[in-house]
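Observations on chain architecture
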Amino acid sequence: MTNKEIPDSNNDSLENHNETVTCTGCGVCCFHMGYPAFILPQAPLTAEEIDADPELKKLALHRGTKKILLEGNPGEDYWHTLPPDLKDELEKFVDNYDAPADGELDGPCFWLDMETRQCKHHEHRPRVCRDFEIGCSQCHDWRRTYQHRIIQISS
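A quick note: this is a predicted structure, and the numbers were derived from the prediction, not measured.

Scoring rules and cut-offs
Residues numbered from 1 in each chain as written. Predicted model: local features only at pLDDT ≥ 70, side-chain atom pairs only at ≥ 80, totals over all residues. Heavy atoms only, no water. Helix = DSSP H or I, 4+ residues; strand = E, 2+ residues; numbered from the N terminus. Phe/Tyr/Trp six-rings, centres within 6.5 Å; stacked < 30°, edge-to-face > 60°. Lys NZ or Arg CZ within 6 Å of the ring centre and 35° of its normal. Expected span 1.5 Å × (residues − 1). Buried < 20%, exposed > 50% of the residue type's maximum accessible area, 1.4 Å probe, protein only. Arc of directions from axis to C-beta. Salt bridge = Lys/Arg side-chain N within 4 Å of Asp/Glu carboxyl O.

Comments concerning unusual backbone geometry
The phi angle at Arg 117 is positive, at roughly 60°, despite the residue not being glycine. Its place among the elements puts Arg 117 in the loop between strand 1 (112–113) and strand 2 (118–119).

Describing the packing of aromatic side chains
Under the defined criterion, the tally for this structure stands at eight aromatic pairs. Judged by centre distance (5.8 Å) and plane angle (15°), the ring pair of Trp 142 and Tyr 146 falls under stacked. Site record: aromatic cluster; members linked through ring pairs are Tyr 35, Phe 93, Tyr 97 and Phe 110. It is Arg 130 that lies over the ring of Tyr 78; its NZ or CZ is 3.7 Å from the centre.

Some thoughts on helix 5 (residues 84–95)
Between the first and last C-alpha of helix 5 there are 16 Å, a value that for 12 residues agrees with the 16 Å anticipated at 1.5 Å per step. Where helix 5 is concerned, the buried positions are Leu 86, Lys 87 and Leu 90. Buried residues in helix 5, looked at end-on, bunch into an arc of 100°, giving them a common side. Every exposed residue of helix 5 that faces more than 90 degrees away from the buried side is listed here: Pro 84, Asp 85, Lys 92 and Asp 95.

As for the pattern of salt bridges
A complete count under the given rule lists three salt bridges for this structure. For Glu 71, the salt bridge is made with Lys 67, and the minimal N-O distance between the two is 3.9 Å. Residue Glu 71 and its partner Lys 67 are located together in helix 3 (residues 65–71), separated by four residues, close to a single helical turn. Here Glu 71 and Lys 67 have matching classes, each one exposed. The partner of Arg 144 in a salt bridge is Asp 141, with the nearest N and O atoms 2.4 Å apart. Taken together, the positions of Arg 144 and Asp 141, both in helix 7 (residues 137–145) and three residues apart, correspond to about one turn of that helix. Relative accessible area serves as the criterion here: at 37%, Asp 141 is assigned to the partly exposed category.

Next up, the structure:
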C-alpha cells in the first residue's frame, strides 16, 4: 500500500484542513526543531538577578514572564521521566549546539529518523510534540512548506 495523502504542489487540497493525513513519510513538524524542546526546570531568580542581566531584564518586560522568572519552573513531567541516557545525550547535544544565523530554522530534530520520518524516541517526546495535532492548520502549513521533502512510503 502506498501512502499518498499529501497532494503535489499543483493541488490546492492542503487548504482543506479536514483532509485525512497521516505522519507516514512526513515528519515535517520536526524539520525545524533542531532538538526536542522540553520545558526544563528553572530555578527562581531574584529581582536583582533579573535587573543585572540585560537579556533577562528585556525578557521580563513580556507579559507574565517576570512572574515566571521570579517563581521558577519545575519543568515538564516528560523531562523528569526521560531515561538518564537520553537526558545525557540531549544535554550534550544542546551544550554543543550552534544555533543557525538569524532568521534561519534549526533544521531537523536530531531525534527524527530521516529514513522512516518517525521520532526515534516517540514515547519520550516532549509536551510540544505531544500537543501538535496531526492535520491542524500548522501541520498543513509545514506540509506546504516542505512538500518536496515528504516521501512516499510503501508497505
